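Inside the fold
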Amino acid sequence: MTTPRDLIVVAMDVPPDLLVDRGDLSLALAGAELIDLIAAKELTLRGDRVVPVPRPGGERRTADRLLEEALTAYETATRSAEAADRDPGKATERAAGEAGDRPTGKRAQPAAESGADDNPGERVEDWLWRRGRDLPTAYIAALEEDGTLVPERHRRWGLLPTSRRVLADTPGRRRAAQHWASDAPVLRALATLIGVKGDEPPPDEVPTGSPSRVVLRALRHAVEELAEERRLRTTRLDRANATYRSRGY
């Protein structure tokens, strides 16, 4: 089991009153993937930027399909960024094309504006927004494939099968539970940042200056950014509803 697989099992195994926001989970899964890829020495950090680790012969050390997909997507994104760096017009188009990745007003900067000419790779926070899109769907599908997530057995009204999925008692689920029970610092920090433990603050056990600490700091900022966007949307909706009511609608 990888850290993101452990994380989604832990997030799905919480009590109903601690449901995790899907957007927060998307960001956290992307962060967990990055932490695992750094641990596997497939990627590394240079400051707050993700850069590849050169491999003789191009061999890779990860056997997990989703981590492999994350690595391939990163390579594609950085190649596109490098091409955009050589063409300022394409850099602007690329930044505009990422408009759906993150909240309004918080777009990734074109390389020419962000100084990426001198700093290769991708900012950690940009990785979270790019890779996180629809990532829970991919991990849910993976859990269904390996039998960790299965249809609920009871039938509604005795006629129609329910579409609800539940976690089965599999080795993967048990490993995730053991990892969580062992208070593994990175898993606890990832899960706590997205509300798996309610309002409990994230533990401060990940070593200062470590790559995991850098990723967790970027995740905290992204989650706060997303929460602010949700708050603004709610405020706008409340104001619109108040306006409609005042007009007699």
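A brief look at the structure comes next. (Residues numbered from 1 in each chain as written. Predicted model: local features only at pLDDT ≥ 70, side-chain atom pairs only at ≥ 80, totals over all residues. Heavy atoms only, no water.)

**Overview of the overall build of the chain**
Threshold: A run of H or I in DSSP counts as a helix once it spans at least four residues, and a run of E counts as a strand once it spans at least two, with each numbered from the N terminus. Relative accessibility under 20% of the residue-type maximum defines a buried residue, over 50% an exposed one, and the middle range a partly exposed one, all with a 1.4 Å probe and only protein chains included.
Across its full length, the chain holds ten helices and seven strands. Burial analysis of the chain (249 residues in total) assigns 42% to the buried set.

**A short note on helix α1 (residues 3-12)**
Within α1, nine of the ten residues are buried, leaving the element largely enclosed by the surrounding structure. Taken together, the buried positions of α1 are occupied by T3, P4, R5, D6, L7, I8, V9, V10 and A11.

**Section: the packing of α1 against helix α2 (residues 22-39)**
Our working rule: Axis geometry follows a simple rule: fit a line to the C-alpha atoms, using only the stretch in contact for helices, then measure angles between N-to-C directions, giving values from 0 to 180 degrees. The labels follow the angle: roughly parallel below 35 degrees, roughly antiparallel above 145, roughly perpendicular from 65 to 115, and oblique for the rest. By convention, the crossing between two helices is left-handed when the near helix turns anticlockwise from the far helix through less than a right angle, and right-handed when the turn is clockwise. The contact rule is simple, with two residues in contact once any of their heavy atoms fall within 4.5 Å.
Orientation of α1 relative to α2, taken along the N-to-C sense of each, is 150 degrees, at an axis distance of 8 Å. Classified by the angle between their axes, α1 and α2 sit roughly antiparallel to one another. Between α1 and α2 the crossing geometry is right-handed. Of the residues in α2, those touching α1 at T3, P4, L7, I8 and A11 are L25, A28, L29, A32, E33 and D36.

**A look at the packing of α2 against helix α6 (residues 124-132)**
Stated precisely, the cut-off is as follows: Residues are grouped as follows: nonpolar covers Ala, Val, Leu, Ile, Met, Phe, Trp, Tyr, Cys and Pro; charged covers Asp, Glu, Lys and Arg; every other residue, Gly included, is treated as polar.
Viewed as axis vectors pointing N to C, α2 and α6 meet at an angle of 120 degrees, and their least axial separation amounts to 8 Å. Accordingly, the angle class assigned to the pair α2 and α6 is oblique. Every pair of crossing elements has a handedness; the one defined by α2 and α6 is right-handed. When α2 is examined against α6, the residues S26, L27, A30, G31, E33, L34 and L37 are found in contact with a partner set consisting of V124, W127, L128, W129, R131 and G132. For the contact of α2 with α6, a count of residues per class yields eight nonpolar, three polar and two charged.

**Notes on the pattern of salt bridges**
So the rule is basically this: Definition used for salt bridges: Asp or Glu carboxyl oxygen within 4 Å of a side-chain nitrogen of Lys or Arg.
The full count for this structure, using the stated rule, is 16 salt bridges. As a salt-bridge pair, R230 and D24 come within 3.4 Å of each other at their nearest N and O atoms. Of this pair, R230 sits in helix α10 (residues 211-246) while D24 is found in helix α2, placing the two residues 206 residues apart along the sequence. Classification of R230 as partly exposed rests on a relative accessible area of 28%.

**Considerations on the side chain of T192**
Inspection of the secondary structure puts T192 in helix α9 (residues 185-193). Apart from residues no more than four positions distant in its own chain, T192 is found in contact with K197, E200, P201, P202 and P203.

**A word on the packing of aromatic side chains**
The line we're drawing: Aromatic pairs are defined between Phe, Tyr and Trp rings, using the six-membered ring for Trp, whenever the two ring centres lie within 6.5 Å; interplanar angles under 30 degrees are classed as stacked, those over 60 as edge-to-face, and all others as tilted. Over a ring means this: the NZ of a Lys or the CZ of an Arg is within 6 Å of the ring centre and within 35 degrees of the ring normal.
If you walk through the whole model with that rule in mind, you get one aromatic pair. Relative to W127, the ring of Y74 has its centre 5.8 Å away and its plane inclined at 45 degrees; by these criteria the two rings are tilted. One end of the pair, Y74, is in helix α3 (residues 65-85); the other, W127, is in helix α6, with 53 residues separating them in the sequence. Across the pair, exposure class does not vary: Y74 and W127 are buried alike. Cation over ring: R130 sits above W127, and NZ or CZ is 5.1 Å from the ring centre.

**Focus on the side chain of D36**
Threshold: Residues scored as positive are Lys and Arg, those scored as negative are Asp and Glu, and His as well as the terminal groups of each chain are ignored.
On the secondary structure map, D36 appears in helix α2. Of the side chains with opposite charge, R5 comes closest to the buried, unpaired D36, at an N-O distance of 8.2 Å. Not counting residues within four places of it along the chain, the set of residues in contact with D36 comprises T2, T3, P4 and L67.

**Regarding unusual backbone geometry**
A negative phi holds for most residues other than glycine; trans holds for most peptide bonds. Despite not being glycine, K41 has its phi angle at roughly 60 degrees, a positive value. Structurally, K41 is set in the loop between α2 and β1 (43-46). Judged by relative accessible area, which is 48%, K41 ranks as partly exposed. Positioned with a positive phi, D183 is a non-glycine residue whose angle comes to about 60 degrees. Given a relative accessible area of 40%, D183 falls into the partly exposed group.

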